[in-house]
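Each chain, written out:
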Amino acid sequence: MFNVLFGKKTDFKELVKRGALIIDVRTPGEYATGHVKGSKNIPLDQLDKHIDALKKDGKPVIACCRSGARSGAAVSRMKAAGIEAYNGGPWDSLDAQLG
């Protein structure tokens, strides 16, 4: 019933095992205060310059930020470009899930 209402919960660990990239869309200053190990910092306002490279790479992308709002916007842009993208929400929550 919950899967019907809210959708299936994304298994971020499995996505990472499949080679997913973790993109942190916060500013470089925010990223410097803490981030998911192995993530790449591409601020949301610079994402469009990286879309072609991400699409060419062909890997799933997990976006994260501080609250999940900017990463949600990033995922929308990436999906519109044909990239398999997921909103990882707040970086610290994603980091805890990846354990």
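From a predicted model like this one, the values you see are computed outputs, not experimental measurements.

J.: I keep staring at the environment of Gly-68 and nothing clicks. Help me out?
T.: Along the polypeptide, Gly-68 turns up in the loop between strand E3 (61-65) and helix H5 (69-80). Gly-68 has contacts with Asn-87, Gly-89 and Pro-90, leaving out every residue within four places of it along the chain.

J.: For this particular structure, what's the right way to read the nonpolar core?
T.: Grouped burial of nonpolar side chains is what soluble globular proteins tend to show. If you look at the biggest cluster of nonpolar residues, it comprises 16 residues, and the most contacted ones within it are Leu-47, Leu-54, Ala-74, Met-78 and Ile-83. Within the residue set of this core, elements represented by two or more residues are helix H4 (51-57), E3 and H5. When neighbours within four sequence positions are excluded, Ile-83 is seen to be in contact with Ile-51, Leu-54, Lys-55, Lys-59, Val-61 and Met-78. Counting ten residues, the second-largest nonpolar core is a separate cluster that includes Leu-15, Ala-20, Ile-62 and Trp-91.

J.: Even after reading the chapter, I still don't get the environment of Asp-57, so can you show me in this structure?
T.: Within the fold, Asp-57 resides in helix H4. Looking at Asp-57, the relative accessible area reads 37%, which means it is partly exposed. Separated by 26 residues in sequence, Asp-57 and Ile-83 place their C-alpha atoms 9.5 Å apart.

J.: So what exactly am I meant to see when it comes to the pattern of salt bridges here?
T.: Applying the stated criterion to the full structure yields four salt bridges. A salt bridge links Glu-84 to Arg-18, with the nearest nitrogen and oxygen atoms 3.0 Å apart. A residue pair is termed long-range when its members are at least 10 positions apart, and Glu-84 in the loop between H5 and strand E4 (85-90) and Arg-18 in the loop between helix H2 (12-17) and strand E1 (21-24) qualify at 66 residues. Relative accessible area serves as the criterion here: at 32%, Glu-84 is assigned to the partly exposed category. The partly exposed category is assigned to Arg-18, whose relative accessible area is 47%. Across the salt bridge formed by Arg-77 and Asp-48, the nearest N and O atoms sit 3.7 Å from each other. Of the two residues, Arg-77 is situated in helix H5 and Asp-48 in the loop between strand E2 (40-41) and H4; the sequence distance between them amounts to 29 residues. Overall, the relative accessible area of 34% leaves Arg-77 in the partly exposed class. Asp-48 sits in the exposed class, given a relative accessible area of 54%.

Rules used in this analysis
Residues numbered from 1 in each chain as written. Predicted model: local features only at pLDDT ≥ 70, side-chain atom pairs only at ≥ 80, totals over all residues. Heavy atoms only, no water. Helix = DSSP H or I, 4+ residues; strand = E, 2+ residues; numbered from the N terminus. Contact = heavy atoms within 4.5 Å. Core = buried A, V, L, I, M, F, W, Y, C linked by side-chain atoms within 4.5 Å. Buried < 20%, exposed > 50% of the residue type's maximum accessible area, 1.4 Å probe, protein only. Salt bridge = Lys/Arg side-chain N within 4 Å of Asp/Glu carboxyl O.

From the geometry alone we can't say anything about function, so treat these as descriptive.
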